[in-house]
Amino acid sequence: MSDGPSKLADGMTLAPRERVSVLGHLCEHKGCAKHAGFGFAWPRRDPHWFCSNAGDDGEQYL
Ligand SMILES: [Zn+2]
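Here's what I pulled together on the structure shown here. Predicted, not measured: the structure shown is a model, and the values here were computed from it. (Residues numbered from 1 in each chain as written. Predicted model: local features only at pLDDT ≥ 70, side-chain atom pairs only at ≥ 80, totals over all residues.)

What follows deals with the overall build of the chain. If you tally the helices and strands in the chain, you get two helices and three strands. Put simply, the chain runs from its N terminus to its C terminus through helices and strands in the order β-α-β-β-α. Within the chain, the fraction of its 62 residues that count as buried is 16%. Restricting to contacts in the chain with at least 6 residues of sequence separation, those with at least 24 account for 38%. (Helix = DSSP H or I, 4+ residues; strand = E, 2+ residues; numbered from the N terminus. Buried ≥ 20, exposed ≤ 12 C-beta atoms within 10 Å, placed from the backbone. Contact = placed C-beta atoms within 7 Å.)

Our focus in this paragraph is the nonpolar core. Residues Cys27, Ala36, Phe38, Phe40, Trp49, Phe50 and Cys51 constitute the largest nonpolar core, which totals seven residues. Elements that contribute at least two residues to this core include exactly β2 (38-41) and β3 (48-50). (Core = buried A, V, L, I, M, F, W, Y, C linked by C-beta atoms within 7 Å.)

Looking now at the sheet that holds strand β1 (residues 13-14). The strands making up a sheet are joined through hydrogen bonds of the backbone, oriented either antiparallel or parallel. Read across the open sheet, the three strands follow the order β1-β2-β3; overall the sheet is antiparallel. The sheet is open, and its two borders are formed by β1 and β3, each paired with just one other strand. Relative to β2, β1 is paired through two bridges, and the arrangement is antiparallel. Note that in β2 the partner of leucine 14 across the bridge is phenylalanine 40. (Pairing = 2+ DSSP bridges.)

Side-chain alternation along β2 places Phe38 and Phe40 on a buried face and Gly39 and Ala41 on a face that remains uncovered. Two strands pair when backbone bridges link them, and β2 and β3 are joined in this way by three bridges, in the antiparallel orientation. Across the sheet, residue glycine 39 finds its bridge partner in β3, namely tryptophan 49. Linkage of β2 to β3, two consecutive antiparallel strands, is achieved through a turn of six residues, within which arginine 44 is found at a positive phi near 65°.

Of note in this structure, arginine 44 is not a glycine but carries a positive phi near 65°. Tracing the sequence through the fold places arginine 44 in the loop between β2 and β3.

Time to look at the environment of cysteine 27. Within the secondary structure, cysteine 27 is located in the loop between α1 (17-23) and β2. Its 22 C-beta neighbours within 10 Å are what place cysteine 27 among the buried residues. Expressed as a C-alpha distance, the spacing of cysteine 27 and glycine 39, which sit 12 residues apart in the sequence, is 9.2 Å.

Here it is, written out as structure tokens:
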């Protein structure tokens, strides 16, 4: 079990947890309304947010 994405593509940033908690994002995983602990953000593109249980789903945006 990983605690998050194992790798990030060049130019991609992983949003810090502190900032996530402030913004209060919810997981985008279908049917999941948990607090999103991981943010996948490309420059100039909208970020996608997922909880730790949906890390694999988030990797599709890598
Ligand atoms: Zn989720």
